[in-house]
Amino acid sequence: MIIVVCVKQVPATTDAKIDPETKRIIREGTKSVLNPFDLYAIEEAIRIREKVGGEVCVLSMGPESAKNVLIEALSMGADRAFLLCGREFAGSDTWATSYALSRAIKTVGGVDLILCGKQAVDGDTAQVGPGIAAQLDLMQAANVSKVEEITSDAVTVSRMTENGFDVLRLKLPALLTVLKDINEPRVPTLKDARKARAAEITVWGSGDIGADPDLIGLNASPTRVVKTEPPAVRNTVTVKLGGEPADAAKALVGEMIGRGLL
Amino acid sequence: MKVLDELDRKTYKNVWTISECTGGAVHPVSYELLGAARKLAAERGCEVWTIALGHGIGARLESLFAYGADKIIAVDDERLRVFNDELECHILERLVKKYRPEIILCAATSRGRALIPRLAGRIRSGLTADCTGLAIDPENGDLLQTRPAFGGNIMATIRSGEYRPQMATVRPRVMPMPEPEVGRMGEIIRETVTPEDALNVKEILGTIGRHEPTVNLTDARIIVAGGRAMKGPEGFKLLEAFADRIGGAVGASRAAVDNGWIAYPHQIGQTGTTVQTDVYIACGISGQIQHLIGMQSCKTIIAIDIDDTTPMMKLADIAVKGDLFEIIPAVMKELDERSGA
């Protein structure tokens with residue numbers, strides 16, 4: 001079974017700073033990390049491989065530095081790593097990103113299962129997983145909390161919803177986006193990490209994946225950011241309560257009723 | 001659909017909302033979407049249509065007129081009882097090509113967040129997730145979509161001007177609930193599931209309700225959330241009682257979930273659920289950035305903590321300093337006394 005895990009390099013949230021002049025995120029010099037949700041997708045792919053055999057490929061799109069998150073995936077146990085890299089991909093929105101990744105998955109060839117994290121924590125859109133499934137016309141399940149059964153031609157999963165869980169059976173090839181409670185990711189050993197750093201990462205440009213130049217990058221992206229600004233300041237005053245519990249409770253209930261919260 | 005010139009773009013009209021009727025009941029967010037759609041339609045001088053996919057939804061459709069729909073496209077089919085990504089996407093793709101809406105609004109529920117990006121991928125159209133503001137650009141009539149990014153640290157305004165339909169998702173309780181207009185009626189267009197729609201779709205084997213106490217953080221008006229200071233599962237029993245008393249849902253920080261005190265569906269924050277409730281009561285949650293970005297858009301934040309120097313106590317609108325194991329029972333007692341119990 002060939003499994004592709006799509007991963008993303010994201011800014012470490014605590015480091016996200018906004019340029020007061022341009023009101024844009026300062027990316028230069030900020031620390032980047034593997035998108036936290038992707039860890040669970042990598043782990044699940046490795047567990048499936050350990051059960052049914054095959055190969056785990058990790059795929060990312062981004063600058064050269066995104067090799068670091070691929071190395072992290074390799075050190076956990078992924079077999080091969082691919083990076084889509086090039087000026088032509090810059091500025092891609094979720095549509096153009098889904099298209100480019102779907103081309104890469106086709107180029108890997110013979111893929112049975114695609115796993116993604118639930119969403120990336122920088123954009124929070126959760127769009128690229130279903131976007132890839134749409135491009136490849138594959139069945140999809142988002143918010144998967146458990147892979148119940150996998151055979152050579154189908155996968156049965158539990159999907160978390162607001163009201164409980166749905167049990168779904170998808171024909172392979174299929175795409176799943178996974179939640180945090182699906183597994184507990186392994187911590188790579190130092191030896192594995194060292195080996196991963198020496199591993200080869202295949203770098204592809206748009207030509208290598210046969211991408212239509214009119215469908216990648218900023219110019220091919222349906223959405224455009226026209227303005228960014230800091231959010232409205234949420235409040236200026238904090239009402240502070242304390243003292244004896246009974247008095248604090250009385251004051252709190254009074255505040256809540258006064259503000260129409262109860 | 002490729003980039004459209006101005007003439008092509010003009011053939012797309014009306015604002016659509018995708019109503020949420022999974023399970024047979026109309027989810028309240030459907031009405032909030034209609035309220036937002038009415039404002040946009042007024043500026044565009046067009047109609048509001050809503051798409052209702054589900055099973056046994058007939059009797060409930062009229063409420064969608066009352067909240068602002070001019071027309072309803074209804075597809076009532078047993079196979080639409082549980083959300084099926086591929087099936088619903090096939091139907092929508094067909095309807096979009098047939099009726100050519102200018103704007104589509106959908107709820108950012110677990111269903112909407114899976115369905116709409118798939119549709120956008122199929123029809124090559126722009127999609128903006130989790131919008132908190134929607135407006136029409138007075139210059140060119142395009143939809144301007146404002147959304148938080150980087151965990152709410154920045155607000156971005158997005159346009160998908162060259163493409164139609166322009167699509168956006170909105171979380172429950174972000175847009176105001178409009179006043180219903182009782183007796184307001186419109187036209188129902190009935191569509192069916194075609195054999196092509198049902199090709200190459202997943203099989204639904206079953207649904208399981210929660211074995212844990214039910215939690216629906218996205219729809220809750222009040223959330224009572226606990227962190228490390230709850231000390232254990234017993235602490236969350238206290239929070240459950242408190243939440244029950246005030247009609248809220250129980251949330252948790254990652255620390256509490258990782259300790260096994262409460263199940264993952266309750267987790268709020270970067271690797272859990274993002275919430276925008278009217279009231280958020282943080283009990284013994286210090287407020288690490290990963291938690292804050294999941295809840296800082298809540299309208300009123302109340303924090304209870306023994307330590308008043310934490311980020312959460314500083315962020316809060318009302319900060320109560322004290323032992324939560326004393327404060328919470330005292331609050332419940334106070335509520336009982338006021339209600340004369």
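Residues numbered from 1 in each chain as written. Chains lettered and ligands numbered in written order. Predicted model: local features only at pLDDT ≥ 70, side-chain atom pairs only at ≥ 80, totals over all residues.

### Quick notes on the overall build of chain B
Tallying secondary structure elements over chain B gives ten helices and 16 strands in all. Expected size for 341 residues packed as a compact globule is a radius of gyration near 20 Å; at 22 Å, chain B falls within 12% of this value. Its C-alpha atoms give chain B principal-axis dimensions of roughly 65 × 45 × 40 Å. Within chain B, the fraction of its 341 residues that count as buried is 56%. Considering only residue pairs separated by 6 or more positions, chain B has 66% of its internal contacts joining residues 24 or more positions apart. (Helix = DSSP H or I, 4+ residues; strand = E, 2+ residues; numbered from the N terminus. Rg over C-alpha atoms; globule rule 2.2 N^0.38 Å. Buried ≥ 20, exposed ≤ 12 C-beta atoms within 10 Å, placed from the backbone. Contact = placed C-beta atoms within 7 Å.)

### Observations regarding the sheet that holds strand S7 (residues 143-149) of chain B
The antiparallel open sheet is built from four strands, whose spatial order is S14(A)-S8(B)-S7(B)-S6(B). Edge strands, defined here as strands with exactly one partner in the open sheet, are strand S14 (224-229) of chain A together with strand S6 (133-136) of chain B. Neighbour-to-neighbour, the strand axes of this sheet turn through a mean angle of 25 degrees, independent of strand direction. Where S14(A) lies against strand S8 (residues 154-159) of chain B, five bridges are found, and the strand directions are antiparallel. When the sheet's bridge partners are listed, Glu229(A) is paired in S8(B) with Met155(B). (Pairing = 2+ DSSP bridges. Axes fitted to C-alpha atoms, helices over the stretch in contact; angles between N-to-C directions.)

### A short note on the domain arrangement of chain A
Assigned domains of chain A: these are domain 1 (2-220) and domain 2 (232-262). Taking the mean C-alpha position of each, domain 1 of chain A and domain 2 of chain A sit 44 Å from one another. (Domains from an automatic or database assignment.)

### A few points about helix H4 (residues 85-99) of chain B
With 15 residues, H4(B) extends 21 Å between its outermost C-alpha atoms, agreeing within 8% with the 21 Å of an ideal straight helix rising 1.5 Å per residue. Within H4(B) the residues assigned to the buried category are Asp85(B), Glu86(B), Leu87(B), Glu88(B), Cys89(B), His90(B), Ile91(B), Leu92(B) and Val96(B). Buried-residue contacts for H4(B) involve strand S9 (139-150) of chain A together with strand S2 (48-54), strand S3 (71-76) and helix H5 (110-123) of chain B. Of the residues flanking the end of H4(B), it is Arg100(B), one or two places downstream, whose phi is positive at about 50 degrees. (Expected span 1.5 Å × (residues − 1).)

### Concerning the domain arrangement of chain B
Residues and elements named next belong to chain B. Here chain B is described as being made up of domain 1 (6-190) and domain 2 (222-338). Centre-to-centre, using C-alpha coordinates, domain 1 lies 33 Å away from domain 2. Between domain 1 and domain 2, the contact holds six residues from the first and six residues from the second. Of the residues that constitute the side of domain 1 that touches domain 2, the class distribution is two nonpolar, two polar and two charged. (Nonpolar A, V, L, I, M, F, W, Y, C, P; charged D, E, K, R; others polar.)

### Digging into the environment of Glu55(A)
All names here are of chain A. Among the structural elements, Glu 55 can be located in strand S6 (residues 55-61). We classify Glu 55 as partly exposed; it has 17 C-beta atoms within 10 Å. Sequence separation of Glu 55 and Ala 196 is 141 residues, and the distance between their C-alpha atoms is 16 Å.

### Digging into the pairing of strand S9 (residues 166-170) of chain B
All names here are of chain B. Most of S9 sits out of view: five of its five residues are buried. Across the two faces of S9 the burial is the same, with Gln 166, Ala 168 and Val 170 and Met 167 and Thr 169 all buried. Examined bridge by bridge, strand S4 (residues 103-107) and S9 share five bridges and lie parallel to one another. Bridging from a neighbouring strand, Leu 105 pairs with Ala 168 of S9. Sheet analysis places strand S5 (residues 127-128) next to S9, joined by two bridges and oriented parallel. Each bridged residue has a counterpart across the sheet, and for Leu 127 the counterpart in S9 is Met 167.

### A short note on the packing of H4(B) against H5(B)
Residue and element names in this part refer to chain B. Where H4 meets H5, the axes come as close as 9 Å, and the angle between the chain directions of the two elements is 50 degrees. Classified by the angle between their axes, H4 and H5 sit oblique to one another. The two elements H4 and H5 cross, and the hand of that crossing is right-handed. Residues Asp 85, Glu 88, Cys 89, Leu 92, Glu 93 and Val 96 of H4 form the contact with H5, whose participating residues are Ala 114, Leu 115, Arg 118, Leu 119, Arg 122 and Ile 123. Within the contact of H4 with H5, the residues separate by chemical class into seven nonpolar, no polar and five charged. (Parallel < 35°, antiparallel > 145°, perpendicular 65-115°, else oblique. Left-handed = near helix turned anticlockwise from the far one by under 90°.)

### Looking at the interface of chain A and chain B
With 68 residues of chain A at the contact, the number on the chain B side is 72 residues. Partitioning the side of chain A that touches chain B into residue classes produces 33 nonpolar, 20 polar and 15 charged.

### Examining helix H6 (residues 233-246) of chain B
Residue and element names in this part refer to chain B. If you check H6, its first and last C-alpha atoms are 20 Å apart, about what 14 residues at 1.5 Å a residue would give, namely 20 Å. Of all the residues in H6, the buried ones are Gly 235, Phe 236, Leu 239, Phe 242 and Ala 243. All buried residues of H6 project into a common sector of 115 degrees when viewed along the axis, lining one side. For H6, the exposed residues set more than 90 degrees away from the buried face come down to Pro 233, Glu 234 and Lys 237. Packed against the buried residues of H6 are strand S12 (222-226), strand S13 (249-252), strand S14 (279-283) and helix H10 (324-338). Backbone geometry just downstream of H6 places Gly 247 in the positive-phi region, at approximately 70 degrees. (Arc of directions from axis to C-beta.)

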